[in-house]
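Chain by chain, the residues:
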Amino acid sequence: LESRRERRERSHLRTLKGPHQESMASSWDNNSDSGSSISVLTEDITAEATGHAQQRMVEREIEQRDFQAAKKYGSKERHRDYADRWVFKHNGSVFVTNETSDILITCLRPRGLTTVVEEIPTGDRNALAAELKDLVDAQGGQVPVKLVPKLYRERFERDLDYRGHAKLTDLLRRLPGIQLVNDATPEVAIRRDVY
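Residues numbered from 1 in each chain as written. Predicted model: local features only at pLDDT ≥ 70, side-chain atom pairs only at ≥ 80, totals over all residues. Heavy atoms only, no water.

1. Describing the overall build of the chain
Alright, step 1. Secondary structure assignment for the chain yields seven helices and eight strands.
Alright, step 2. Taking the intrachain contacts of the chain between residues at least 6 apart in sequence as the baseline, contacts between residues at least 24 apart amount to 48%.
Alright, step 3. Summed over all atoms, the accessible surface of the chain reaches about 11900 Å², with 48% contributed by carbon and sulfur. (Helix = DSSP H or I, 4+ residues; strand = E, 2+ residues; numbered from the N terminus. Contact = heavy atoms within 4.5 Å. Areas by Shrake-Rupley, 256 points an atom, 1.4 Å probe, with all protein chains shown as cover.)

2. With respect to the confidence of the model for the chain
Alright, step 1. Taken over all residues, the pLDDT of the chain has a mean of 75, while the share at 70 or more is 71%.
Alright, step 2. Long-range and interchain partners of residues 11–36, a stretch whose pLDDT sits below 50, account for 38 contacts in this model, where long-range means more than four residues apart.
Alright, step 3. Contacts of residues 112–118 to residues separated by more than four positions or lying in other chains number 12 contacts, the stretch itself having pLDDT below 50. (pLDDT = per-residue confidence, 0-100.)

3. Some points on the sheet that holds strand β6 (residues 143–144)
Alright, step 1. Read from one edge of the open sheet, three strands run β6-β8-β7, paired in antiparallel fashion. Of all the strands in the sheet, the pair left with one neighbour each is β6 and β7 (178–181).
Alright, step 2. Sheet topology places β7 next to strand β8 (residues 189–192); four bridges connect them, and they run antiparallel. Within the sheet, the bridge partner assigned to Leu180 lies in β8 and is Ile190. (Pairing = 2+ DSSP bridges.)

4. A few points about the nonpolar core
Alright, step 1. Of all hydrophobic cores here, the largest spans 21 residues; its most connected members are Leu132, Leu168, Leu172, Leu175 and Ile190.
Alright, step 2. Counting only elements with at least two residues in this core, the list comes to α5 (122–138), α6 (148–156), α7 (168–173) and β7.
Alright, step 3. If one sorts the elements of this core by residue count, α5 sits on top with five residues.
Alright, step 4. Setting aside chain neighbours within four positions, we find Leu175 in contact with Arg125, Leu128, Ala129 and Leu132.
Alright, step 5. If you look at the next biggest cluster of nonpolar residues, it comprises 11 residues, including Ala47, Ile62, Phe67 and Phe95. (Core = buried A, V, L, I, M, F, W, Y, C linked by side-chain atoms within 4.5 Å. Buried < 20%, exposed > 50% of the residue type's maximum accessible area, 1.4 Å probe, protein only.)

5. Observations concerning unusual backbone geometry
Alright, step 1. Its identity is not glycine, yet Glu61 carries a phi of approximately 55°, on the positive side.
Alright, step 2. Turning to its location among the elements, Glu61 is positioned in the loop between α3 (51–59) and α4 (64–73).
Alright, step 3. With a relative accessible area of 48%, Glu61 lands in the partly exposed category.
Alright, step 4. In this structure, Asn91 takes a positive phi of about 50° despite not being glycine.
Alright, step 5. Along the polypeptide, Asn91 turns up in the loop between β3 (86–90) and β4 (93–97).

6. What about the pattern of salt bridges?
Alright, step 1. By the definition in use, this model includes eight salt bridges.
Alright, step 2. Arg78 serves as the salt-bridge partner of Glu99, at 2.9 Å between the closest nitrogen and oxygen. Residue Glu99 is found in the loop between β4 and β5 (103–108), and its partner Arg78 is found in strand β2 (residues 75–78); the two are separated by 21 residues along the sequence.
Alright, step 3. Among the residues examined, Glu99 registers a relative accessible area of 36% and is labelled partly exposed.
Alright, step 4. Between Asp134 and Arg155 there is a salt bridge whose closest N-O contact spans 2.7 Å. Of this pair, Asp134 sits in helix α5 while Arg155 sits in helix α6, placing them 21 residues apart in sequence.
Alright, step 5. Given a relative accessible area of 32%, Asp134 falls into the partly exposed group. (Salt bridge = Lys/Arg side-chain N within 4 Å of Asp/Glu carboxyl O.)

7. Notes on the sheet that holds strand β1 (residues 48–49)
Alright, step 1. On the basis of which strands lie adjacent, the open sheet formed by five strands has the order β1-β5-β4-β3-β2 and mixed pairing. Sheet topology places β1 and β2 at the edges, where each strand pairs with a single neighbour.
Alright, step 2. Inspection of the sheet shows β1 paired to β5 by two bridges, in the parallel sense. Each residue of the ladder has a partner; that of Glu48, found in β5, is Ile103.
Alright, step 3. Across the face of the sheet, α3 comes into contact with β1 and β5 while running at roughly 30° to β5. (Axes fitted to C-alpha atoms, helices over the stretch in contact; angles between N-to-C directions.)

Okay, here's the thing in structure tokens:
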């Protein structure tokens, strides 16, 4: 049970942040064992999506990691029309979740939002492509894109850096010898490009 002091502190936080906002430190992920967003990897944050949300993610080119990052780093407030929903905002995208913030109901990206894509030097691009081909071979020939960051970290002991790209698939499309399979679906994967 919540103590009187905890209720008073929570009420004070609500007063400071407004009636429809909550402190990110205490609410970013209700299912977290750690209680701290800093100690949890972004891809380990609970992020399930309804069928509708999955369809919108494909249409709007939003990835699961975008939702996870919004839960970790974005702002969180109550939905203006539905008291049982939360709205996360991060990097120009908006994510609407259920009461526990576990399930994504829908998402949107503002119209006209553009991303500047950095050019990757040829040497770096070829080296990264070679590492990803090695990863694909080690995983049996095909890897779902949603697992690439985690598997890459496990294999090469460092994070896959795709800064400067709106999403991982933007980077993967630019790598020589890498092919996207089932592109524009939630099941998108990578494999070696066969010439």
